[in-house]
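Coordinate inspection notes
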Amino acid sequence: TVYHAAAYKHVPMMEFNNAEGVDNNIFGTLYCAKAAIDTRVETFVLVSTDKAVNPSNIMGLTKRIVEISLNKLFECTSVSFITVRFGNVIGSNGSVFHKFLRQIKSNQKITLTHPSVSRFFMNINQAATLTIKASVEGESGKVYILNMGKSVIIYEFLISMIEKYGSKDQESDIIITGLKPGEKIKEELFFDHEKIKEFDGSMFEGDLKKIDLDIDKFEVFFKNLKDTTNEKVIRTMLKKIKIY
């Protein structure tokens, strides 16, 4: 089994480095997938993200393109292809938990993008368990999502952290900075057409769409770009791909 978790996941960073997002998240994954087919592995598990659902940013769009193009790529092979979608993983590198904790403990101003922002959360153990369980019990061509309950309003999460790790008067240190480029108020876990159903009490299962993406043509176009810093050209290229 190949567990493919490598990707650039930082949303604002990818908004200003479109080419890196495409090169790593799309082509890097496609190369791994082709190697898995050539070596006849039994199962290939793609770790995706809730940001791939109705994506509003380059990071989410690259992950969505990978989800559905790989599902088509593996269709006529003996490799079982399974996708898992993560919410925000508490404690992972770059987690908002660590940023808040650092700001609270050092008595800094505490930055929050928007008071209404909400996110789905999972811990590292849940993320690992979802991935392994889906690889063992899941069906090829399906997407699996952890049952994370209701999304968490980040402002309320921050207040609870202040109460636990700081002092009540630090609530006045909260600064609303505004949404970052590509950021949503609310994330979504699945598309309506995926026919999501409960797999068991811990996770959901859905039907993953397939697209017949001409990978070679797509790669040639990208590699021949004279100016890979031209974000408008790259965005236009990506948005021509039917991801729904």
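None of the values given here were measured: they were computed from a predicted structure.

1. Remarks on the pattern of salt bridges
- Per the counting criterion, the structure on display carries 17 salt bridges.
- We note a salt bridge from Lys168 to Glu171, for which the minimum N-O separation is 3.1 Å.
- Note that Glu188 is salt-bridged to Lys184, the shortest N-O span being 3.2 Å.
- What makes Lys184 buried here is its relative accessible area of 12%.
- Where salt bridges share partners, they join Asp50, Lys51, Arg119, Glu183 and Glu187 into one cluster.

2. A few points about the pairing of strand β12 (residues 203–207)
- Alignment of strand β8 (residues 142–146) against β12, held across five bridges, turns out to be antiparallel. Within β12, the position partnered with Val143 by the bridge is Gly206.
- As judged from the two bridges shared by strand β11 (residues 197–198) and β12, these two strands associate in the antiparallel manner. In the strand pairing of β12, Lys197 is matched with Glu205.
- In textbook terms, the turn of a hairpin is the stretch between consecutive antiparallel strands, and for β11 and β12 this stretch comprises four residues.

3. What to know about the packing of helix α4 (residues 96–105) against helix α6 (residues 154–165)
- Packing of α4 against α6 leaves a shortest axis separation of 10 Å and a crossing angle of 45°. In terms of orientation, α4 and α6 fall into the oblique class. As for how α4 packs across α6, the hand of that crossing is right-handed. Together, Val96, Phe97, Phe100, Leu101, Ile104 and Lys105 of α4 and Ile154, Phe157, Leu158, Met161, Ile162 and Tyr165 of α6 make up the contact between the two elements.
- Looking at the contact of α4 with α6 residue by residue, the classes come out as 11 nonpolar, no polar and one charged.

4. Details of the layout of surface pockets
- In this structure, the largest pocket spans a volume of roughly 1100 Å³.
- Along the wall of the largest pocket there are 40 residues; nearest its centre are Lys9, Lys51, Asn88, Asn93 and Gly94.
- The residue makeup of the lining of the largest pocket, split by class, is 14 nonpolar, 15 polar and 11 charged.
- One number sums up the size of the second largest pocket: a volume of about 260 Å³.
- Lining the second largest pocket are Asp212, Leu213, Asp214, Lys217, Phe218, Phe221, Met237, Lys240 and Ile241.
- Of all the elements, helix α7 (residues 215–223) adds the most residues to the lining of the second largest pocket, at three residues.
- Broken down by class, the residue content of the lining of the second largest pocket amounts to five nonpolar, no polar and four charged.

Reading the values: the criteria
- Residues numbered from 1 in each chain as written.
- Predicted model: local features only at pLDDT ≥ 70, side-chain atom pairs only at ≥ 80, totals over all residues.
- Heavy atoms only, no water.
- Salt bridge = Lys/Arg side-chain N within 4 Å of Asp/Glu carboxyl O.
- Buried < 20%, exposed > 50% of the residue type's maximum accessible area, 1.4 Å probe, protein only.
- Pairing = 2+ DSSP bridges.
- Helix = DSSP H or I, 4+ residues; strand = E, 2+ residues; numbered from the N terminus.
- Axes fitted to C-alpha atoms, helices over the stretch in contact; angles between N-to-C directions.
- Parallel < 35°, antiparallel > 145°, perpendicular 65-115°, else oblique.
- Left-handed = near helix turned anticlockwise from the far one by under 90°.
- Contact = heavy atoms within 4.5 Å.
- Nonpolar A, V, L, I, M, F, W, Y, C, P; charged D, E, K, R; others polar.
- 1 Å grid on protein atoms, 1.4 Å probe; cavity = no way out; pocket = protein on both sides within 12 Å on 5 of 7 lines; lining within 4 Å.
- Points joined across faces, edges and corners; volume = space filled by probe spheres on them.

Any functional reading would require information that these geometric values do not contain.
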